[in-house]
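Each chain, letter by letter, is given below.
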Amino acid sequence: MAVDSALSSPLGPPACEKDAKALRLIEEMTRNADAVQEKVLAEILSRNADVEYLKRYKLGGATDREAFKSQLPVITYEDLQPEIQRIANGDRSAILSAHPISEFLTSSGTSAGERKLMPTIQEELDRRQLLYSLLMPVMNLYVPGLDKGKGLYFLFVKSETKTSGGLLARPVLTSYYKSDHFKTRPYDPYMVYTSPNETILCADSFQSMYSQMLCGLLEREQVLRLGAVFASGLLRAIRFLQLHWRALADDIETGSLNQKVADPSIKDCMVKILKPNPQLAEFIRMECSKEQWEGIITRIWPNTKYLDVIVTGAMAQYIPTLDYYSGGLPLACTMYASSECYFGLNLNPMCKPSEVSYTIMPNMAYFEFLPHDSGSPGWTSDSQPPKLVDLVDVEVGKEYELVITTYAGLCRYRVGDILRVTGFHNSAPQFHFVRRKNVLLSIDSDKTDEAELQNAVQNASQLLREFNTSVVEYTSYADTKTIPGHYVIYWELLIKDPANSPTGEVLNQCCLAMEESLNSVYRQGRVADNSIGPLEIRVVKNGTFEELMDYCNIKRSFDQSVQGSKMCELHSDRGVTGFQDGIGAF
């Protein structure tokens, strides 16, 4: 469709009139970021003026920034947990929000080993949908012709529960996929998927993956983009193809669906799609039977223009593997969101992964930023915090922890994300996602911190007592060379009686004890989602950690700068793998 030049955006010429409207909204919001933020805060405080939480701090109905900042504390999840628990238990009074809490969104972060419950209200679905509606108009500026084909996206719903008070608790994407916003979304030629809704909404992970992969193979020449939420998810799909291509090819050849796919809704929709195609089946067999899987994505889906996956933060570890399987296709990171709030989008989605910056959309929530100094111990609730900075007042090059105030009732809530300011689009800042605060290990959506790992090691080491053995030192890393990735824990042991040293079976039990001690998000990834592989303990020879410290000291003597110290820390992570002689992997 030709677009009048008058509709053009500073971001670039839109692909259609609908895109032009979306791009104008981005421009309007980012040009007037501070005014929009002031309006958002006033709306939140006005509508929630009589809720218990705001009345506790005697805001008195004030809606201005000064009163808000002087009266309300900056909080963490633990500070808010009593109120959240009351809501979960069935208290329907206006505790956090004047609008009824419609459900809880389970965060990938944890508190005391269990998922955090983020309250949400029905209208938040409209805000999420708004941000989704902006993604393709931006992508169309960089990749033309996406309306001429389809997207192969591996999307899944996860398990959901109900609180004792009857509210649903589920991941934010599961909430979205099961909503009418997704299920009855209007037709958009730029947003056509190969996967029918029935395949996405199936709760059985095998049946869902199998049917989505089958649909993607059937329409291989129409696929213009491949995606999953996280890079790890797309790699799991490739691994699934490695394991099941024979069965998939048989289905394509005969036009009949594998008996392992028993979900009635999937079977009904696949009857309309699956027809015998011996030629395609033979092609799949020929490509997948080759020992070399380099470039398999473009070999099977030759018209793919990019991969749509999150490769920032902990997901950056998967970039080399994605490049291997895709032949170096561009990696598009389009959106920045969490269970607490949807934040913004990448206005240059085809940039290099290391250059990804997200532009915060000021109409999504009220945003503040806690200055973060990576060299300091950090602020705690017991100490006097530094002054928080408003959205438009952050400084390029500095790092901040994100603090949000949402329509659903989170007030001055520390999300835990560390962001670095890279620039501005109009008056709205752009941020590079640095990391999650305090996260030590992450494979998929799991986030294991140092305290959780320490507790797991302590619990597992109890099994060594009867062998008069203890753990002297340990370290860890997330091994993403395997699919799915897994945690590797290196132990240096003090064995006081070599004649009664722990056996391989005992160390296997230690692995299990560690896994049972880790948080619920990790356990779901291991057992229900199969997104995390079995934890591995590797025992290193005595003196390994001392040698590492010597190495770091030598390294530090050559470079006393901050950068040198960071390099030393990085090498110490890798250093353990350098002492492979005498290591036993269990």
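Residues numbered from 1 in each chain as written. Predicted model: local features only at pLDDT ≥ 70, side-chain atom pairs only at ≥ 80, totals over all residues. Heavy atoms only, no water.

Naming follows an unreviewed UniProt entry, where the protein chain appears as Indole-3-acetic acid-amido synthetase GH3.3 of Melia azedarach.

Within the protein chain one finds 20 helices and 22 strands. Looking at the protein chain residue by residue over its 586 residues, the buried ones come to 53%. Long-range contacts, defined here as pairs at least 24 residues apart, represent 66% of the contacts in the protein chain between residues at least 6 apart. (Helix = DSSP H or I, 4+ residues; strand = E, 2+ residues; numbered from the N terminus. Buried < 20%, exposed > 50% of the residue type's maximum accessible area, 1.4 Å probe, protein only. Contact = heavy atoms within 4.5 Å.)

This part covers the sheet that holds strand E10 (residues 342-345). The antiparallel open sheet is built from 8 strands, whose spatial order is E9-E10-E11-E16-E15-E14-E12-E13. Strands at the two margins of the open sheet, each flanked by one partner only, are strand E9 (335-337) and strand E13 (389-390). Summarising the sheet, E10 and strand E11 (residues 358-360) pair through 2 bridges and their orientation is antiparallel. In the strand pairing of E11, Gly-344 is matched with Ile-360. (Pairing = 2+ DSSP bridges.)

This part covers the environment of Pro-13. Relative to the elements of secondary structure, Pro-13 occurs in the segment before helix H1 (17-31). Since its relative accessible area comes to 64%, Pro-13 is described here as exposed. Considering only alpha carbons, one finds Pro-13 and Asn-140, 127 residues apart in sequence, at a separation of 9.3 Å.

Once that is clear, we can look at the packing of aromatic side chains. A complete count under the given rule lists 20 aromatic pairs for this structure. When the centroid spacing of 5.3 Å and the interplanar angle of 50 degrees are considered together, the rings of Tyr-153 and Tyr-193 count as tilted. Taken together, the positions of Tyr-153 in strand E3 (residues 150-154) and Tyr-193 in the loop between helix H8 (180-183) and helix H9 (197-200) put the pair 40 residues apart, joining distant regions of the chain. Tyr-193 gets classed as buried once you look at its relative accessible area, which sits at 18%. Between Tyr-210 and Phe-240, the aromatic rings sit 6.3 Å apart at their centres with planes inclined by 80 degrees, giving edge-to-face as the arrangement. Separated by 30 residues along the polypeptide, Tyr-210 in helix H10 (residues 205-218) and Phe-240 in helix H11 (residues 231-254) bring together distant segments of the chain. Here Tyr-210 and Phe-240 have matching classes, each one buried. Among the aromatic side chains, those forming a connected cluster through ring pairs are Tyr-132, Tyr-176, Tyr-177, Phe-182 and Tyr-342. (Phe/Tyr/Trp six-rings, centres within 6.5 Å; stacked < 30°, edge-to-face > 60°.)

The full count for this structure, using the stated rule, is 3 cavities of 30 Å³ or more. Considered as a void within the structure, the largest cavity measures approximately 70 Å³ in volume. Elements that contribute at least two residues to the lining of the largest cavity include exactly strand E2 (114-120) and helix H6 (124-139). Residues belonging to the lining of the largest cavity are distributed by class as follows: 7 nonpolar, 4 polar and 3 charged. (1 Å grid on protein atoms, 1.4 Å probe; cavity = no way out; pocket = protein on both sides within 12 Å on 5 of 7 lines; lining within 4 Å. Points joined across faces, edges and corners; volume = space filled by probe spheres on them. Nonpolar A, V, L, I, M, F, W, Y, C, P; charged D, E, K, R; others polar.)

Glancing now at the sheet that holds strand E7 (residues 306-310). Pairing within the open sheet is parallel, and its 4 strands lie in the order E3-E6-E7-E8. Pairing within the sheet leaves two strands with one partner each, and these edge strands are E3 and strand E8 (331-332). Across the sheet, H11 touches E3, strand E6 (223-230) and E7, and the angle it forms with E6 is around 120 degrees. (Axes fitted to C-alpha atoms, helices over the stretch in contact; angles between N-to-C directions.)

Attention shifts here to the pattern of salt bridges. A complete count under the given rule lists 27 salt bridges for this structure. Between Glu-219 and Lys-150 there is a salt bridge, and its shortest N-O distance comes to 2.5 Å. With Glu-219 in the loop between H10 and E6 and Lys-150 in strand E3, this residue pair connects regions lying 69 residues apart in the sequence. We classify Glu-219 as buried; its relative accessible area is 18%. (Salt bridge = Lys/Arg side-chain N within 4 Å of Asp/Glu carboxyl O.)

The next subject is unusual backbone geometry. The step from Ile-483 to Pro-484 runs through a cis peptide bond, and the omega angle for that step is -5 degrees. Within the element layout of this structure, Pro-484 appears in the loop between strand E19 (469-479) and strand E20 (486-495). Despite not being glycine, Arg-412 shows a phi value in the positive range, around 55 degrees. Locating Arg-412 in the fold gives a position in the loop between strand E14 (399-405) and strand E15 (413-425). Exposure remark for Arg-412: the relative accessible area of 5% places this residue in the buried category. With a phi angle near 55 degrees, Asn-426 is a residue other than glycine that sits in the positive phi range. Here Asn-426 is to be found in the loop between E15 and strand E16 (428-436). Assessed through its relative accessible area of 39%, Asn-426 is described here as partly exposed.

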